[in-house]
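Okay, here's what each chain looks like letter by letter:
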Amino acid sequence: MKPLLAIILAAMLTNNFVLSKFLGICPFLGVSKKVNTATGMSVAVIFVMVLATIVCYPINLLLVSKDMEYLQTIVFILVIAALVQLVEIVLKKYILSLYSALGIYLPLITTNCAVLGVVLLNISDGYNFVQSVVNSFGAGVGFMIAMLMFAGVRERLEAADIPETLKGLPITLISASLTAVSFLGFTGVVEGIFG
Amino acid sequence: MAEKKSLFKEFSKGIIKENPTLRLVLGTCPTLATTTSVESAIGMGIAATVVLICSNIVISALRKVIPSKVRIPAYVVVIASFVTIVQMLVKAFLPDLNNQLGVYLPLIVVNCIILGRAEAFASKNAVIASAADGLGMGVGFTAALFLMSTVREVLGAGSFYGMSIPVLSAHPMLIFILPPGGFFVFGLLIALSNKLATKKGKKPANLGGCKACPFVDSCNSANCENASKEEVAE
């Protein structure tokens, strides 16, 4: 069995969801203009990812036992969408302070490919329940690391003198590329420690 | 004749004027992830096109039946069904492509291009026009993926569609098929398309924020406004 620490480190650094798997690019580019909003979004993503994994794991066992694995995509996307709505309603009713911090970001997460992606990857990697939850948490934290690093870079970018053609989205993507280069440095680190 | 012309217009606008990848900047995840080789990029493009056409047709046919309150979940179910069908077909007949695309094949479900077209076009237009729109958007998406994967595969692996190119294959620049190369090439392509667009007097492409989100109506609009105001205030 893979050690849990190896799973969490791999999900955070070597297989970073945003910078090496390209999942969740929309919020990565869309809400990373300021460190504050980036933090809120990332916390919401971690929360929903872990919750979705906890809920989808038993549902997948049920699907497998009934030989209906082909329904995975449909079932999971609906479960995640319903779950996000439910979380939003519960937070609004009972924990208003958390709702005002995360509420804006929750609807955006429904169609975030990172959440569906982590659920599907847990299954294709054959993780058990604990491993799945740990992997989702690591992936969420990895998303947060990438978001915060990138938000820092973008705040600096505001003041930079950029050629007219590259202004806006192109320079954002090029700086994302440079941020991704820094994550290449982690290649082999986890295998080196635990291999 | 007039109808034919407008149908062609619906089809052709997706290819250049409103190219989903380079002008509307939708569906960035598969664009970056599956363009490491021309083969997987074309596979992804065709799979997404099939889903786009089929879901556009069905959603347009059902547009008067689906109550507007539950339309987004209804669209998602329709799209997810077609994605599952495509996934099963690819698994059965093209196992190599299935291995290359991996998790990105089921993730077509959350591709914003498809949900975006369902919401913006298929829910308001007739079946044939929606099919033409889906085909055009799909072709535009595939063309953008093809362009990007060509650059990445030629520079990064020294080959094109798996055939190695004599001089380049001796010194491939590996970085182009690694993740950073994806961001870099995409950034440069957007810069290029912006340059061409501004020459013709159009606005450069940008992330639309809340406005471009297909959930703009269904998500809490007060919150949504706050979010966009916040971004404007910066």
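Please refer to the structure placed before this passage.
What this report covers is the structure whose coordinates are included nearby. If you're wondering where the values come from, they're calculated on a predicted model, not measured in any experiment. (Residues numbered from 1 in each chain as written. Chains lettered and ligands numbered in written order. Predicted model: local features only at pLDDT ≥ 70, side-chain atom pairs only at ≥ 80, totals over all residues. Heavy atoms only, no water.)

Looking at the overall build of chain A
Then comes step 1: Within chain A, the regular secondary structure consists of 10 helices and 0 strands.
Then comes step 2: In chain A, the succession of α and β elements from N to C terminus is α-α-α-α-α-α-α-α-α-α.
Then comes step 3: Along the first, second and third principal axes, the C-alpha set of chain A runs to 60 × 50 × 30 Å.
Then comes step 4: Considering only contacts within chain A whose residues lie at least 6 apart along the sequence, 78% involve residues at least 24 apart.
Then comes step 5: Roughly 8400 Å² of accessible area belongs to chain A as shown, and the carbon and sulfur atoms make up 68% of that amount.
Then comes step 6: Side-chain charges of chain A comprise 10 positive and 9 negative groups, with the mean position of each set lying 8 Å from the other. (Helix = DSSP H or I, 4+ residues; strand = E, 2+ residues; numbered from the N terminus. Contact = heavy atoms within 4.5 Å. Areas by Shrake-Rupley, 256 points an atom, 1.4 Å probe, with all protein chains shown as cover. Lys, Arg positive; Asp, Glu negative; His and termini not counted. Charge placed at Lys NZ, Arg CZ, Asp CG, Glu CD.)

Remarks on empty space enclosed by the protein
All names here are of chain A.
Then comes step 1: A full pass over the atoms with the stated rule returns 3 cavities of 30 Å³ or more.
Then comes step 2: Each pocket or cavity is described by its volume, and for the second largest cavity that value is around 60 Å³.
Then comes step 3: In this structure, the second largest cavity is lined by T53, C56, Y57, N60, F76, V119, N122, I123, Y127 and S132.
Then comes step 4: Mapped onto the lining of the second largest cavity, the elements with two or more residues apiece are α3 (35-65) and α7 (113-124).
Then comes step 5: Of all the elements, α3 adds the most residues to the lining of the second largest cavity, at 4 residues.
Then comes step 6: Among the residues making up the lining of the second largest cavity, the classes are represented as 6 nonpolar, 4 polar and no charged. (1 Å grid on protein atoms, 1.4 Å probe; cavity = no way out; pocket = protein on both sides within 12 Å on 5 of 7 lines; lining within 4 Å. Points joined across faces, edges and corners; volume = space filled by probe spheres on them. Nonpolar A, V, L, I, M, F, W, Y, C, P; charged D, E, K, R; others polar.)

Overview of the interface of chain B and chain A
Then comes step 1: Each side of the interface is counted separately: chain B has 46 residues, and chain A has 45 residues.
Then comes step 2: Taking both partners together, chain B and chain A bury about 3900 Å²; carbon and sulfur atoms supply 77% of that area.
Then comes step 3: One can count 0 salt bridges joining chain B with chain A.
Then comes step 4: At the junction of chain B and chain A, the tally comes to 3 residue pairs in polar contact (both at pLDDT 80 or more).
Then comes step 5: The set of elements that each furnish at least two residues to the side of chain B that touches chain A consists of α2 (28-33), α4 (71-93), α6 (112-122), α8 (179-199) and α9 (221-233) of chain B.
Then comes step 6: The greatest single-element share of the side of chain B that touches chain A, amounting to 11 residues, is contributed by α8(B).
Then comes step 7: By residue class, the composition of the side of chain B that touches chain A is 33 nonpolar, 9 polar and 4 charged. (Buried area = accessible area lost by both parts, 1.4 Å probe. Salt bridge = Lys/Arg side-chain N within 4 Å of Asp/Glu carboxyl O. Polar contact = N/O pair within 3.5 Å; in protein donor to acceptor, adjacent residues only side chain to side chain.)

Structural notes on the packing of helix α3 (residues 38-61) of chain B against α6(B)
All names here are of chain B.
Then comes step 1: Across the interface, α3 lies against α6 with an axial gap of 10 Å and an inter-helix angle of 30 degrees. On the basis of the axis angle, α3 is roughly parallel to α6. For the pair α3 and α6, the crossing hand works out as right-handed. Between α3 and α6, the residues in contact are A48, V51, L52, S55, N56, I59 and S60 and I113, I114, R117, A118 and A122, respectively. (Axes fitted to C-alpha atoms, helices over the stretch in contact; angles between N-to-C directions. Parallel < 35°, antiparallel > 145°, perpendicular 65-115°, else oblique. Left-handed = near helix turned anticlockwise from the far one by under 90°.)

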